[in-house]
Structures are given as structure tokens and as C-alpha cells.
Amino acid sequence: MATFQDDGQRRLDERLRVLSEATRSFAEDTNDYNRLLDTIARALTESVSDVSVLFVVSEDGRSLTPLSVHAASREDHLRLQALLKSAPISLEERSLSEGVFRTGVAVLIPRLHLQTVAPSSTPVYVEFLKDLGAHSIIIVALRMHGGSLGVLSLVRSLPESPPFDEQDRELAQLLADHAALAITNSRLITLRKIAEARFERLSDAGVIGIVVSDLTGRVREINDTLLRMVGYTREEVLGGGISWSSLTPPGSEQMDERAREQLLRTGVSDLREKEYIHKNGTRIPVMIGATMGVEGDGHVIAFVLDLTDRKRAEEATRLEQARFRALVENSADGIALSTGDGTFLYVSPAAARMLGRPASEVIGTNFRDYVHPDDVSIALDQRRRLLEGRQASPTVRRLLRPDGSVRWVEVTATNRIDDPAIGAIVGNIRDITERKLADEALLVSEKAKVNLEAQLRQAQKMEAVGRLAGGVAHDFNNLLSVILSYGQIHVDEMPEGDPGRPDVEEMLKAGQRAADLTRQLLMFSRQQVIEPKVVDLNRLLQNVDKMLQRILGEDIDLVSLTKNPVGGVLVDPSSMEQVVMNLVINARDAMPTGGMLTIETENVVLDEAYAREHMGVTPGRYVMLAVTDTGVGMDRATQTRIFEPFFTTKEKGKGTGLGLSTVFGIITQSRGSVWVYSEPERGTTFKIYLPRVDGAFDEAAPPSDPASARGAETILLVEDEEQVRAVAHTILGRGGYHVLEARDAIDALSIGETYAGDIHLLLTDVVMPEMSGAELAMRLRGTRPDLAVLCMSGYTDDSIVRHGVLVADFAFLQKPITPEALTRKVRDVLDARRLADARA
């Protein structure tokens, strides 16, 4: 750190010395760009400040990036390097440094107060000043050619360092101007080295011929590639034995002269094709371009590419195209090329004859103009399958010609839009009018077969996932019952402030996420036990509106376009809320920079035409729910997979891939359908159609008081899993209930026969070795007719139905169990039984 004197002359001498030494050190390191940056920061620290940070504008011009830092203290130096390593300053943040960069006007703050500069500084910069204990700062621009390359931030933080003054600012600006000049020169030197290296590699690569000549045409240098191209030796060319112009065949003089005039006028001549004469007399087709050399040296650098192989390939392609055109134009089958929307780009003579119009009149029209109205949907379905990337079977359709006649044709099409050489849908059209009846019957049979195979594959996939889900759910839900229940019991017993409580709460959160994952898998496989009710979708959306706003955040506008009133739909309310949540979350993730989300509801009628184009849809009355975002959209390949379980386009760890598959499962289980419409960068719309039902809406039951979940009744607990039985016993005992415990159905029957007191409730697992829970309940009710029954299981809906739980109208509790869920359900079942007995 320089010593600051009160004497003006001595301080001026010191400034001159500092400028001289800095300028010399900048010049010495100009050839090494990175070393120069470090030298600048070090020189500023040693001469003006305690800490110097050099910010240079990024290549895209959007931010100031810290490229070098230097501090008088080594500890500060290392700490600041880590702090500023990845802390660019956006040129849109309106910070102090950004203002200096934009205007070129330095900022001097002799006595720094962080609360004063914080509103106009980035958080990282404020933290940087705080860590240093900065008490005085200067920010100056690296000015060059009327603009700025970056900024220098100078800080005094040592207690013994005096505040910056106006002379310090002037010295800092002078040093910054010298640094800007040095940086500019260093960049130019670096760019020149890169250019020279690239030119050398290009010359040695053996692909491009290079010749350097003077303006008279005398060759000064030539690479081996060009020598091989023309067949001469270097000595023959450089010795003047031949004139380079003599290698150009007659007839090219005017073209060469125009290129020479352009070269002299602009310094560059356009690429052009010409020929050279080989030493053996053959002609070599080449592509040539030229540029003037270093300014003032009078040299011309020409780049020459041998086109012999390309010309041969072009000739072979021309012959192939001629043969192909002859084949197409003389074929009995018609060939047509069309765009994705069906506009004809080309039709062969045979195709034009089938359409009944000259080819010149057909091009530019749409294929739908020629298809019989009753067959348009068939044609559109084939094209839709092609555009979705699926294989489209040949289709039979009728062509309605201008003269009123009809021709039956078979169309086989292939999607070659992504092929640069074709860029169209390729259709092969065969006139089959004479064998129409036989082929029509065959086509109907084939279409039925395709549909049945598709349905079978879907059913097999769903069955496989469902079986997997059922097995996983049973074992996993039993384990989760133990984890969640004991965890909750442990939390309830821990006082607030217990240091171990957060760990247990995190364990419970992880367990609940695992339970949610299992439930989502069951929903996809449509084997979740649901409680459908007649629901008003508009009211359901109103209930979750505030939650949706919180999910979306402030940068996404939520617009509701609900048509009042809409008909009722028979769905499980909580599952339907999850559908809305999943779609909204999916939309939010598709709009990372904000946008608009629109939710619509409307009564609609889906007709026969719609049903034909949407597999699995039955014509009738529906309520539509549409969720539209203005996000990034999806391509067709992604749209074909979005409802598959575990498929996700998000980064690893950002999603399970079950959100949309859960939506699909819930809607399908509710006898509805869901369709997606999307294009890249054009947003996405999900449309859900649920069958409309008549009748009054079911009212939601009011929430009950948690304190009323306790009781004193006697409960017979039957569970073959020891850990689950133990935790259930603990939960019920803590709730005040008297628990009789049985490890299986046989043990439970014995207790039922021998226990002298009342048994108010049977709480039993559904699937057990000797007999099911439903069978056990039936036998116990033979002697205890007032016995209330609550079945619980980790299996899926299919298992519950097969074991007679829902048929017998027993109450059911889906595992995993938790203390709150179990005691609440037990209380509800006992109260419902008591109310029924009172009414009787």
C-alpha cells in the first residue's frame, strides 16, 4: 500500500511513479491475457487500495464477470476468490457497478455505510464489502473507444488506510484507462495467435488447397494439397516455370477478372466455381475464394476446394433422379407428396388421372378436396397417426372426382417430413375400384384386428402394472404403517424444543412421501379404493383456488373461465382435487419464466364423429375441464409418452413421473377421458371429459373434532402382521379403548366365543391365511349381531372386491395407517353403528 503524503508535489511525483510502473507491468504482460488481468488487480491493490476486483463484460454482453481479485491480506485474497468465483453482475440489475459501466462516470464513496449502498448493489457485492470491513470504495470504468470493457472495484478496508479522496479517484481512473488499453491489445494479440494457428491447421489439414500470390499472379507459397490437385511440383510453381494463369482453361478470363476487381475493391472475392487444367491435361472442377493478406503487403490468399468427387456424386444423383422420375411418371400406381396439413406438393400423372384433374391444377390444393365426405375421417386418422410418429396402415377411401364419378383407392403413406431430401408425406395411391367389395371387407376386418390388438396390449400393460402395484402396496403399506404410527407416537410424546424432534418429523415426512408415491401408483393402475360423489366441478375449483395461487406464484396469472352452472360428475372429490393440482403443477413447471394459466369448465356433447376420432370415447353428455398454459409445449414424441408411469422430462430428482399417469388413472377410473393438445413453444392444453350425471350434488361432511376420536369401547383387533398388530394395539390403547388382540382369524373366533363382555368393533385385516376379514366378520356376527366391522388392507381395490369387503358394505381403511387416521375411522364407525341402533 503506497504511503499518502500531505505535500502536493510529492504526491504528484508518487502518482507519476505509480503510473509509470503500472504501464510498464501492463506492457510486459500484454502477451498473456490471464496474467495481465492478475497484474492489473495486483497493481491497483499495491498502489491505490487494499482490495481490487476486476470485472470484465461477458461475451454475450449481459453481465460483468469477476475475472481477477487481489487483496493486501492473503486470507482476504483467498476468501474473496471463493466468494466472487461465480458471482457475475447482471447488466439489468441497476447496481453501482452497472451504472459505472453504462455511463463511464466513476463512483467515489469516501466513508461507506452498507445500508446506504445496499439498495443499489447486488447481494453478493454487499456481502463482499461486509466481509472485508470496507470503509471506503471507488468504482471506475475500463474505458475504451467511447465505451467500457468492464469496471474496477477498489476497496480500503484496513483500519490504518485513509479514506479515498478525489486524487485517488483520478489516479484510479488513469490506471483503469491504461488497463483497458492493455486488455484490448492483449485480446487482439490472442485473436491473432488463434487466427494464425487456425490458418496453419487449415493449410496442413489436406482438405483445402491454399496458394499465396502477389497481385501480378506470381505464386509466393502453395500447400501440398493444391500441388497434388494440379499435378505440379513446388519447384515448378515457385520457380516461375509455369504461369498460374495458364492453369485456367479458355473462357474463364472474364469471370476471373470480375473476381480480381471485387478483391481489390472489397478485400474479398465471392466463392465461385471454375476449372483448373491438370499437368496431364485433364480438367479439375474447383470452388475458389480469395482474400487480401495482411494490410499493405500486396499478397492474395486463395482457398481452393476440389469438387471432382462432388461433381461425380451430382452426376450420379442426376442420373438416379432421371431414372426415378421415369419410374414414377410411368407407374400405374399414383405417387403424391403433401405437407403435414395435406396440401399437394407433387402428383404423378397416374395420381392426377385418379383425381380427375391435370397435375398443374392439383398442386397447391388439399387432399381433402378430393375425398368423399363419408371417408374424410378415415383419411384424417391415417394422417394423424403419421404425424404422431406411429405406423399408419394402408387405408381404402373413395375419391370424388370433378365429373361426379367415384374411384375406390388404397392409400399407403409414409411420414418423410423430417427427411431434408423429401420434406413431405409420401402417398402411394392404387386404384382398386374393380375389387372394391372384397378389399373393403378385408379392410374392415384388418381395422378391427388392429383395434383389438391395441386394446389387448393396453389391458395387458395395465394388468401388469396393477399386479405390481398390488404386491408393492401390501408389503410397503404394512411397513409404512409401523414407521408412520410409531413415528407420530414418538413425536406426540416429545416436548416442543426437544433436539431430537426435528429428526423424527423429517422421518415422518419421508414416510408420508413414500405413502403418497404408493397411492399415486395405485391411482394410475385404477385400483385405488375411491368414494365417488356427485360433484360440482366449479365449486371444487373454488375450494382449491387459493391453494392454486400459492402453487403458481406471482409470475403466473391464473384465469378462470368457468361456465355456470355445469352438470354434476360422479368422482372421488379428493382424487379430483389431486387431478387439478397435478395439472397445475405440470403447467407451472412448463412456465419457468412466468405466463398465464387458464382453467375452463363447460357442458359439452360429444357426437359420433368425435367418438370415431378418439378411441374409447362414447358419444353423450359430458362436463369438460380444460387446463391451458402458455409454457414451453411438447413435441409429438413426448405427447405419446406423457401418461406412462415414471416417464418425465424433468431433471433427475425433480419429479417421480407419476403426476400425469395419476391423472390418467383417476379420470379413466371415473369413466372419463383425457386428451392433450400441444406444440413446442406454443403452450399445452389438457382437456378432461367426465360423464354428466343428473341429481343433486353431494354435500361434503363437516370436519369433526379431533378430540372426539377417543372412546372406551371394546375392540377385537385381528392382524397377522405382528408389527402392524402391535402398533395398532398401542394406538387404540392410547385412545382409551379396550383392545382384544388376535393374531389370525382362528384366534379371533376363539375370543369371540369365550369373551364374556360386549365386543363393540371388529378391526380386521382383509387378507389372512385361514379366511378373509369379511368371512370372519360374517361368522362373528352370527353370535354378535350388533358387532361393527372395520376392515383394513394394504392391497388394492381388486383385492377388496374379491374378498367381499365392499359387497358386504363393511367400513374400510386403506393402509398405511396412522394414529389420527385409525382413531378417527374407528370413532366414525362406532358412532355410525350407535346411530343406526338408535334409529332402529
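Heads up: the structure comes first, above all this text.
The following paragraphs examine the structure supplied in this document. Nothing here was measured: the structure is a model prediction, and the numbers come from that model.

Points about the overall build of the protein chain
What the protein chain contains, in helices and strands, is 27 helices and 28 strands. Every one of the 840 residues in the protein chain was classed for burial, and the buried ones make up 44%. Taking the intrachain contacts of the protein chain between residues at least 6 apart in sequence as the baseline, contacts between residues at least 24 apart amount to 62%. For the protein chain, the accessible area works out to roughly 44400 Å², and carbon and sulfur atoms hold 52% of it.

Some details on a nonpolar patch on the surface
Among the surface-exposed residues, Leu479, Ile483 and Met507 lie close enough to one another that they form a single nonpolar patch of about 260 Å² accessible area. Mapping methionine 507 onto the fold places it in helix 16 (residues 501-524). Judged by relative accessible area, which is 38%, methionine 507 ranks as partly exposed.

Topic: the pairing of strand 19 (residues 568-571)
Here strand 17 (residues 533-535) pairs with strand 19 via three bridges, running antiparallel. Each bridged residue has a counterpart across the sheet, and for lysine 533 the counterpart in strand 19 is valine 571.

Some details on the sheet that holds strand 28 (residues 811-814)
Taken in spatial order, the five strands of this open sheet run 25-24-26-27-28, and their pairing is parallel. The open sheet terminates on both sides in strands that have one partner only, identified here as strand 25 (738-742) and strand 28. Averaged over all adjacent pairs, the angle separating strand axes in this sheet is 20 degrees, with direction ignored. Bridge analysis of strand 24 (residues 714-718) against strand 26 (residues 761-765) gives four bridges, and the strand direction is parallel.

Here we look at the sheet that holds strand 2 (residues 63-71)
By way of backbone hydrogen bonds, the strands of a sheet pair with one another, either parallel or antiparallel. Ordered by their spatial adjacency, six strands build an open sheet running 3-2-1-6-5-4, and the pairing between neighbours is antiparallel. With one partner strand each, in any of the chains shown, strand 3 (89-90) and strand 4 (107-109) form the two edges of the open sheet. Docked against the sheet, helix 2 (residues 33-47) engages strand 1 (51-57), strand 2 and strand 6 (147-156), running at close to 60 degrees with respect to strand 2. Set on the sheet, helix 4 (residues 96-103) makes contact with strand 1, strand 2, strand 3, strand 4, strand 5 (136-144) and strand 6; between it and strand 6 the angle comes to about 140 degrees.

A closer look at helix 10 (residues 253-266)
An ideal rise of 1.5 Å per residue puts 20 Å on 14 residues; helix 10 measures up with 20 Å between its terminal C-alpha atoms. Restricting attention to buried positions, one finds in helix 10 the residues Asp256, Ala259, Gln262 and Leu263. Buried residues of helix 10 fall within an arc of 120 degrees about the axis and therefore sit on the same side. Turned more than 90 degrees away from the buried face of helix 10 sit Glu253, Gln254, Arg258 and Arg265, all of them exposed. Looking at the packing, one finds that the buried side of helix 10 touches strand 9 (268-277), strand 10 (283-292) and strand 11 (299-306). At the C-terminal side of helix 10, glycine 267 shows a positive phi close to 90 degrees.

Section: the environment of alanine 424
Looking at the secondary structure, you find alanine 424 in strand 16 (residues 424-431). Put simply, alanine 424 and threonine 343 are 81 residues apart on the chain and 9.7 Å apart in space, counted from C-alpha to C-alpha. The contacts of alanine 424, once residues within four sequence positions are left out, are Leu337, Ser338, Leu345, Thr414, Asn415, Arg416 and Ile417.

Thoughts on the packing of aromatic side chains
If you walk through the whole model with that rule in mind, you get three aromatic pairs. For the ring pair tyrosine 610 and tyrosine 689, a centre distance of 5.8 Å and an interplane angle of 65 degrees mean the geometry is edge-to-face. You can see tyrosine 610 sitting in helix 20 (residues 608-613) and its partner tyrosine 689 sitting in strand 23 (residues 684-693), a full 79 residues away along the chain. For tyrosine 610, a relative accessible area of 16% translates into the label buried. Residue classification places tyrosine 689 among the buried residues on the basis of a relative accessible area of 6%. The structure contains a cluster of three or more aromatic residues connected by ring pairs, namely Tyr610, Tyr622 and Tyr689. The lysine or arginine in question, lysine 687, covers the ring of tyrosine 677, its NZ or CZ lying 5.8 Å from the ring centre.

Definitions and cut-offs
- Residues numbered from 1 in each chain as written.
- Predicted model: local features only at pLDDT ≥ 70, side-chain atom pairs only at ≥ 80, totals over all residues.
- Heavy atoms only, no water.
- Helix = DSSP H or I, 4+ residues; strand = E, 2+ residues; numbered from the N terminus.
- Buried < 20%, exposed > 50% of the residue type's maximum accessible area, 1.4 Å probe, protein only.
- Contact = heavy atoms within 4.5 Å.
- Areas by Shrake-Rupley, 256 points an atom, 1.4 Å probe, with all protein chains shown as cover.
- Patch = residues over 30% accessible without salt bridge, like charges linked within 9 Å, V, L, I, M, F, W, Y side chains within 5 Å.
- Salt bridge = Lys/Arg side-chain N within 4 Å of Asp/Glu carboxyl O.
- Pairing = 2+ DSSP bridges.
- Axes fitted to C-alpha atoms, helices over the stretch in contact; angles between N-to-C directions.
- Expected span 1.5 Å × (residues − 1).
- Arc of directions from axis to C-beta.
- Phe/Tyr/Trp six-rings, centres within 6.5 Å; stacked < 30°, edge-to-face > 60°.
- Lys NZ or Arg CZ within 6 Å of the ring centre and 35° of its normal.

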